[in-house]
Amino acid sequence: TICWIGGSSGTVLRTTNGGKDWSTFKIPGADSLDFRDIHAFGRETAIAMSAGPAELDKGKIYRTDNGGDTWSLVYQTTQSGVFLDGIDFWNKNQGICLGDPINGRLFILTTEDGGKSWQELPMEDRPQAQSGEACFAASGTSILAVGKDKAFIGTGGGKMARVFRSEDMGRH
């Protein structure tokens, strides 16, 4: 009966009664952001990820622990070329965030504390991208965390679409 939806112009929606009623939240300072992926842990806690060029201040992740009443900025970057595409979690603590390639390698963040903080994966451990290859900021459909430790990343835009697989929570 609980559903969270990320929207445009800093908007997030939530229902706790199967869609009969909806609450709309505007995240302060996020008016220019499009929340393309959101991961909910239940009625109170959710992570919202914005998509867009980080150099235009659009590479951000927010977290709420009180049903959307307040939001904390838990990650931001203005690194040129970063464009976040999706997030997913294996459990309530461990998660992954995917972005388009930087310097020929996919951009990957991980969290061990439920999305309260995010760390960049070392460059040498990130999947190498082909020329023109990227992911898609389409509601998190490019990244999937499965089971206890598997992750799948789908790409396109290059000479061929590919699927990457990790068996250690995206670390390699």
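The preceding data block contains the structure.
This is a predicted model, so every value here is computed, not measured.

### A few points about the packing of aromatic side chains
One pass over the structure, following the stated rule, counts 5 aromatic pairs. A ring pair is formed by W4 and W71, whose centres lie 6.1 Å apart and whose planes are at 90°; its orientation type is edge-to-face. Of this pair, W4 sits in strand β1 (residues 3–6) while W71 sits in the loop between β6 (59–64) and β7 (72–77), and the two are 67 residues apart along the sequence. One exposure class covers both W4 and W71, and it is buried. Geometrically, the ring pair formed by F89 and W118 is edge-to-face, given 6.0 Å between the ring centres and 75° between the ring planes.

### Some points on the pattern of salt bridges
What the rule picks out here adds up to 6 salt bridges. The closest approach of N and O atoms between E112 and R171, which form a salt bridge, is 3.1 Å. Linking E112 in the loop between β10 (105–111) and β11 (119–120) with R171 in the segment after β14 (163–166), this pair joins segments that are 59 residues apart in sequence.

### What about the environment of G42?
Inspection of the secondary structure assignment puts G42 in the loop between β4 (34–40) and β5 (46–51). Given a relative accessible area of 21%, G42 falls into the partly exposed group. For the pair G42 and S23, spaced 19 residues apart in sequence, the C-alpha separation works out to 15 Å. What G42 contacts, discounting residues up to four positions off in sequence, is I2 and W4.

### Digging into the environment of A129
Its place among the elements puts A129 in the loop between β11 and β12 (143–146). Assessed through its relative accessible area of 17%, A129 is described here as buried. Between the C-alpha atom of A129 and that of G156, which follows or precedes it by 27 residues, the distance is 10.0 Å. Sequence-distant contacts of A129, that is, excluding residues within four places in its chain, are made with P101, G104, R105 and R162.

### Some words on the sheet that holds β10
Spatially, the 4 strands line up as an open sheet ordered β8-β9-β10-β11, and their pairing is antiparallel. The open sheet is flanked by β8 (84–89) and β11, the only strands paired with a single partner. The pairing of β8 with strand β9 (residues 95–102) spans 5 bridges and is classified as antiparallel. Residue pairing for β9: F89 is matched across the bridge by G95.

### Considering the pairing of β12
Covered by surrounding structure in β12 are I143 and A145 only, the residues L144 and V146 on the alternate face being uncovered. Relative to strand β13 (residues 150–154), β12 is paired through 4 bridges, and the arrangement is antiparallel. Opposite A145, over in β13, you have A151 as the bridge partner. Between the end of β12 and the start of β13, which pair antiparallel, lie 3 residues, with G147 showing a positive phi angle near 60°.

### Concerning the sheet that holds strand β2 (residues 11–15)
Whenever strands of a sheet pair, they do so through backbone hydrogen bonds, lying parallel or antiparallel. On the basis of which strands lie adjacent, the open sheet formed by 3 strands has the order β1-β2-β3 and antiparallel pairing. If you trace the sheet from one side to the other, it starts and ends with β1 and β3 (23–26), each paired once. The sheet shows a mean angle of 20° between the axes of neighbouring strands, direction not considered. Pairing of β2 with β3, which is carried by 4 bridges, proceeds in the antiparallel orientation. Considered in β3, the bridge of R14 is made with S23.

Rules and cut-offs
- Residues numbered from 1 in each chain as written.
- Predicted model: local features only at pLDDT ≥ 70, side-chain atom pairs only at ≥ 80, totals over all residues.
- Heavy atoms only, no water.
- Phe/Tyr/Trp six-rings, centres within 6.5 Å; stacked < 30°, edge-to-face > 60°.
- Helix = DSSP H or I, 4+ residues; strand = E, 2+ residues; numbered from the N terminus.
- Buried < 20%, exposed > 50% of the residue type's maximum accessible area, 1.4 Å probe, protein only.
- Salt bridge = Lys/Arg side-chain N within 4 Å of Asp/Glu carboxyl O.
- Contact = heavy atoms within 4.5 Å.
- Pairing = 2+ DSSP bridges.
- Axes fitted to C-alpha atoms, helices over the stretch in contact; angles between N-to-C directions.

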